[in-house]
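Summary of the model geometry
The residues making up each chain are set out below.
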Amino acid sequence: MATSPLAVSVAKPAAAASSPAFAVSVAAVAPQRRLLPQCYRGVRAGAASRLVLRSGRAARGGSVVCAAQGQDTSFQVPDVTKSTWQSLVVESELPVLVEFWASWCGPCKMIDPVIGKLSKEYEGKLNCYKLNTDENPDIATQFGIRSIPTMMIFKNGEKKETVIGAVPESTLVSSIDKYVER
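None of the values given here were measured: they were computed from a predicted structure. Numbering of residues starts from 1 in each chain and follows the order in which that chain's sequence is written. The model is predicted, so local features are restricted to residues of pLDDT at least 70 and side-chain atom pairs to those at 80 or more, both for listing and for counting; the totals for chains, interfaces and linings are taken over all residues. Water and hydrogen atoms play no part in the side-chain values, which are based on all heavy atoms of the structure.

**Considerations on the overall build of the protein chain**
Strands here are runs of E lasting at least two residues and helices are runs of H or I lasting at least four, both read from the DSSP assignment and numbered beginning at the N terminus. The helix and strand inventory of the protein chain stands at four helices and eight strands. Secondary structure of the protein chain in N-to-C order comes out as β-β-β-β-α-β-α-β-α-β-β-α. Taken over 182 residues, the protein chain has a buried fraction of 37%. In what follows, residue pairs with any heavy atoms lying within 4.5 Å of each other are defined as contacts. Residue pairs at least 24 apart in sequence account for 68% of intrachain contacts in the protein chain once pairs closer than 6 positions are excluded. Throughout, exposure labels follow a simple rule: accessible area from a 1.4 Å probe, protein chains only, divided by the maximum for the residue type, with under 20% read as buried, over 50% as exposed, and the rest as partly exposed.

The following block contains the structure:
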């Protein structure tokens, strides 16, 4: 059985802007080894794969993005802010899923690809946005956000449901399906 190619790119942290560019090489992974279904902060595919940085430095603080070659895995969820909240969430004709997150939150980074995937799957039926709680504390306080990630579903400008934590995709799908016409 042939191995599937794996492409890995490392996004350089802002603090390392003056350091040399990172170059990454990943060895082929045996087909019996299970690759991570989603991209997390690190790549662990067993002893057969190695992450090599040409700069000789560890990638601590950088973001690792992995994808099988030939697949579109970029799911950008747009941001909503205090200034765009009214037009994007309250006045939306479609149901809206808002992820309350922060850049330092590990579980937020884990659920981000799930939100992106759902955004693409429900395109035209559900609008998905991310709200950075550090940059928009007024809205987070207004909705009583005490833990992140928190996902809220709004319909006709009203909060309908809240899901707290980095939950499985199926949990979010069952919540979304209550408010979205299939």
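Once you've had a look at it, read on.
**Observations concerning helix α2 (residues 106-121)**
The end-to-end C-alpha distance of α2 is 24 Å, a good match for the 22 Å that 16 residues give at a rise of 1.5 Å each. When the local axis directions of α2 are compared, the greatest deviation, roughly 30 degrees, occurs at Asp 112, which is followed within four positions by the proline Pro 113. Between the first and last residue of a helix there are one fewer steps than residues, each counted as 1.5 Å, and that sum is the expected span. Bend at a given residue is defined as the angle between two axes, one fitted to the seven residues that end at that position and one fitted to the seven that begin there.

**Some words on the pattern of salt bridges**
A pairing counts as a salt bridge when a side-chain nitrogen of Lys or Arg comes within 4 Å of a carboxyl oxygen of Asp or Glu. Enumeration according to the criterion identifies six salt bridges in this entry. The salt bridge partner of Glu 161 is Lys 178, with a shortest N-O separation of 3.3 Å. Remark: Lys 178 occurs in the segment after α4 (169-177) and Glu 161 occurs in strand β8 (residues 158-164); sequence separation between them is 17 residues. Looking at Glu 161, the relative accessible area reads 16%, which means it is buried. Residue Lys 178 is classed as exposed on the basis of its relative accessible area, which comes to 57%. One connected set of salt bridges, linked through shared partners, spans Lys 117, Glu 121 and Glu 169.

**Structural notes on the packing of aromatic side chains**
Only Phe, Tyr and Trp rings are paired, with Trp represented by its six-membered ring, and only when their centres lie within 6.5 Å; those with planes under 30 degrees apart are stacked, over 60 edge-to-face, the remainder tilted. One pass over the full model with this rule turns up four aromatic pairs. Taken together, a centroid distance of 5.4 Å and an interplanar angle of 45 degrees make the contact between Trp 85 and Phe 143 tilted. In this pair, Trp 85 is assigned in helix α1 (residues 85-90) and Phe 143 in the loop between α3 (137-142) and β7 (150-155), connecting sequence segments 58 residues apart. Across this residue pair, the class does not change: Trp 85 and Phe 143 are buried.

**Concerning the state of the cysteines**
Any pair of cysteine sulfurs within 2.5 Å is marked as a disulfide. Tallied over the full model, the rule gives one disulfide. Here Cys 105 pairs with Cys 108 through a disulfide, and the sulfurs are 2.4 Å apart. Across the S-S bond of Cys 105 and Cys 108 the torsion is about 80 degrees, and the bridge reads as right-handed. One exposure class covers both Cys 105 and Cys 108, and it is buried.

**Describing the sheet that holds strand β5 (residues 96-101)**
Note on pairing: DSSP must find at least two bridges between two strands before they are called paired. Strands sit in the order β6-β5-β7-β8 across an open sheet of four strands; the sheet is mixed. Of all the strands in the sheet, just β6 (127-132) and β8 have a single pairing partner and so form its edges. For this sheet, the mean inter-axis angle between neighbouring strands, taken without regard to orientation, is 25 degrees. Pairing of β5 with β7, which is carried by five bridges, proceeds in the antiparallel orientation. Along β7, the bridge assignment pairs Val 96 with Phe 154. Inter-axis angles, ranging from 0 to 180 degrees, are taken between N-to-C directions of lines fitted to C-alpha atoms, where helices are fitted over the stretch in contact. Each of β5, β6 and β7 is contacted by α2, which is oriented at about 165 degrees to β5, the strand it contacts most. Running at roughly 165 degrees to β8, α4 makes contact with β5, β7 and β8 of the sheet.

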